[in-house]
Amino acid sequence: MYISKDKQRKIKLFYFGNLMNSFDSKSHNFLKSYYKKYLFEVDLIVETICKNNISNPKVLDAGGGLGIPSIILSEIFNYKSYIIDRYDEFSDEHDREVGTCDVIIDRLKSYDVLVYKENFLDNKTHSIKSSFDIVTNFSVIEHIPTSPYRVINALSSFVNQNGYLIVSTPNQAHIFNRVKLMLGKNVWEDLATFCEPGIFYGHVREYLLKELKLLINNSDNLLLSDHGGSNYAIYSFFIRKYGNKFITKGVSNILDKSIKIFPTLCLQVYVVAKVSR
């Protein structure tokens, strides 16, 4: 990881201490399983900021939801953190174990994260256009039933001159999906998920690394800066299935490092792009 061991220790103490205690206990298993995900996202942001010598960075997470990375960036790194999200998925009627919209936003504000409650695709707050050094979109683009070019253009509109856009998504062609297909199994979510009544919030389309790169390269004002893959989902799977055991960490770390040699086989893929207008 790019983040120092000392910072990693502070993040871990904060995450499993004050931050987790701010959630209802019924969501603690979820938070434990997603720790590596949030750590990876924070690390990628910090690396992009430090390697490009960005001072006093302003970071916007589009579709940020719970805003865990934003909270960590604010609390541990003292970065100016912002979120823009419609929060429809967290309305009272959905009764999410991680809390309702109001509870989530109150927590974000308590950690000095500024929230814009609106759809970033239809943003009306023109004052925040071209305002941020870093704009992130982690595991969101696969949920949006519209042209991915529209998503990329909307995201890049928030980035200031010479700022950076970071986009990640599950890799449709990761190694385990390839094996499942060979065994004649469906790689998408269970059929029951697609049959649930009401608005569908699941994955509409997952992308390949080469497709993410194509979206960036075909944009008029974005230059591909970095790309790669991650396998934090392996850790999440083992934590949910077997709990927080030594063998869980060991096996997931071995699988992660082995697969990461080939980014196109990773469970998640990401791109980092510089805005040049």
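Relevant structure appears above.
Along each chain, the written sequence defines residue order, and numbers are assigned to residues from 1. Local features in this predicted model are restricted to residues of pLDDT 70 or higher, and side-chain atom pairs are both shown and tallied only at a pLDDT of 80 or more, whereas totals for entire chains, interfaces and linings draw on every residue. Calculation of side-chain values draws on the structure's entire complement of heavy atoms; hydrogens and water are dropped beforehand.

A word on helix H9 (residues 209-217). Whether a residue is buried, partly exposed or exposed follows from its accessible area with a 1.4 Å probe, protein chains only, as a fraction of its type maximum: under 20%, in between, or over 50%, in that order. Counting from the N terminus, the helices are the DSSP runs of H or I reaching at least four residues and the strands are the DSSP runs of E reaching at least two. For H9, the full list of buried residues reads Leu209, Leu212, Leu215 and Ile216. Projection of H9 onto a plane perpendicular to its axis shows the buried side chains occupying an angular sector of 120°, all on one side. Directions pointing from the helix axis toward each C-beta atom define the arc.

Each patch is assembled from residues with relative accessible area greater than 30% and no salt bridge, linking like charges that lie within 9 Å and nonpolar side chains (Val, Leu, Ile, Met, Phe, Trp, Tyr) that lie within 5 Å. Note that accessible areas follow from Shrake-Rupley with a 1.4 Å probe, and for residues the cover is restricted to the protein chains shown. Note on definitions: salt bridges are taken to be side-chain nitrogens of Lys or Arg within 4 Å of carboxyl oxygens of Asp or Glu. Where nonpolar side chains cluster on the molecular surface, the patch consists of Leu191, Phe194, Phe200 and Val204 and spans about 370 Å² of accessible area. Among the secondary structure elements, Leu191 is positioned in helix H8 (residues 191-195).

This next bit is on the pattern of salt bridges. Tallied over the entire structure, the rule returns 8 salt bridges. A salt bridge links Lys10 to Asp6; its shortest N-O distance comes to 3.5 Å. With Lys10 and Asp6 both in helix H1 (residues 5-21) and 4 residues apart, this pair spans about one turn of that helix. On the basis of relative accessibility, which here comes to 37%, the residue Lys10 falls in the partly exposed class. A salt bridge links Glu89 to Arg86; the shortest N-O distance between them is 3.1 Å. The class of Glu89 is buried, set by a relative accessible area of 19%. Arg86 gets classed as partly exposed once you look at its relative accessible area, which sits at 32%.

This part takes up the environment of Val140. Summarising the element assignment, Val140 is placed in the loop between strand S4 (132-138) and helix H6 (148-156). Between the C-alpha atom of Val140 and that of Gly202, which follows or precedes it by 62 residues, the distance is 9.9 Å. For this analysis, residues touch if any pair of their heavy atoms sits within 4.5 Å. Once you skip the residues sitting within four places of it in the chain, Val140 turns out to touch Ala62, Gly63, Phe120 and Ser168.

This next bit is on the packing of helix H3 (residues 35-51) against helix H4 (residues 68-77). Convention adopted: a line fitted to C-alpha atoms gives each axis, helices being fitted over their contacting stretch, and angles between N-to-C directions are expressed from 0 to 180 degrees. Where H3 meets H4, the closest approach of the two axes is 9 Å, and the angle between their N-to-C directions is 60°. Considered as vectors, H3 and H4 are oriented oblique to each other. The two elements H3 and H4 cross, and the hand of that crossing is right-handed. Residues Tyr38, Glu41, Val42, Ile45 and Val46 of H3 form the contact with H4, whose participating residues are Ile68, Pro69, Ile72, Leu73 and Phe77. When residues are grouped by polarity, Ala, Val, Leu, Ile, Met, Phe, Trp, Tyr, Cys and Pro land in nonpolar, Asp, Glu, Lys and Arg in charged, and all others, Gly among them, in polar. Class assignment for the residues of the contact of H3 with H4 results in 9 nonpolar, no polar and 1 charged. Should an angle fall under 35 degrees it is called roughly parallel, over 145 degrees roughly antiparallel, and 65 to 115 degrees roughly perpendicular, with every other angle called oblique. Handedness of a crossing follows from how the near helix is turned relative to the far one, being left-handed for an anticlockwise turn of less than a right angle and right-handed for a clockwise one.

Within the secondary structure layout, Val179 lies in helix H7 (residues 175-182). Overall, Val179 belongs to the partly exposed group, its relative accessible area being 38%. In this structure the C-alpha to C-alpha distance between Val179 and Glu142, which are 37 residues apart in sequence, comes to 21 Å.

Judged by nonpolar contacts, the single largest core of 45 residues is most densely connected at Ile11, Tyr15, Ile72, Phe77 and Tyr87. Looking at which element gives the most residues to this core, the answer is H3, with 9 residues. With sequence-adjacent residues up to four places away left out, Ile11 is seen in contact with Ile3, Tyr35, Leu39, Val42, Ile72, Ile76 and Phe77. Think of a nonpolar core as a cluster: buried Ala, Val, Leu, Ile, Met, Phe, Trp, Tyr and Cys residues, connected wherever their side-chain atoms sit within 4.5 Å. One finds Ala62, Leu155, Leu209 and Leu215 within the second-largest nonpolar core, a separate group that totals 31 residues.

It is worth spelling out the packing of aromatic side chains at this point. Classification of ring pairs uses Phe, Tyr and Trp, with its six-membered ring standing for Trp, and accepts pairs whose centres are within 6.5 Å; under 30 degrees between planes counts as stacked, over 60 as edge-to-face, and the remaining range as tilted. In total, this model carries 12 aromatic pairs according to the counting rule given. Ring geometry for Tyr34 and Tyr38: centres 6.4 Å apart, planes at 35°, overall tilted. Here the aromatic cluster, defined as three or more aromatic residues joined through ring pairs, consists of Tyr15, Phe16, Phe30, Tyr34, Tyr35 and Tyr38. Over a ring means this: the NZ of a Lys or the CZ of an Arg is within 6 Å of the ring centre and within 35 degrees of the ring normal. Taking the ring centre of Phe77 as reference, the NZ or CZ of Lys7 above it sits at 5.1 Å. For the cation-ring pair, Arg107 lies above Phe23, with the distance from its terminal atom to the ring centre recorded as 3.5 Å.

On to the side chain of Asn171, then. You can see Asn171 is positioned in the loop between strand S5 (159-170) and H7. Engagement of the side chain of Asn171 in a polar contact is seen with the backbone nitrogen of Ala173, the distance being 3.1 Å. Not counting the four nearest positions on each side in its chain, Asn171 is found in contact with Asn177, Glu206, Tyr207, Leu208, Leu209, Pro263, Thr264, Leu265, Cys266, Leu267, Gln268 and Val269. Within 3.5 Å is the distance limit for a polar contact, defined as a pair of N or O atoms, with the added protein rule that one can donate a hydrogen and the other accept it, and that residues adjacent in sequence qualify only through two side-chain atoms.

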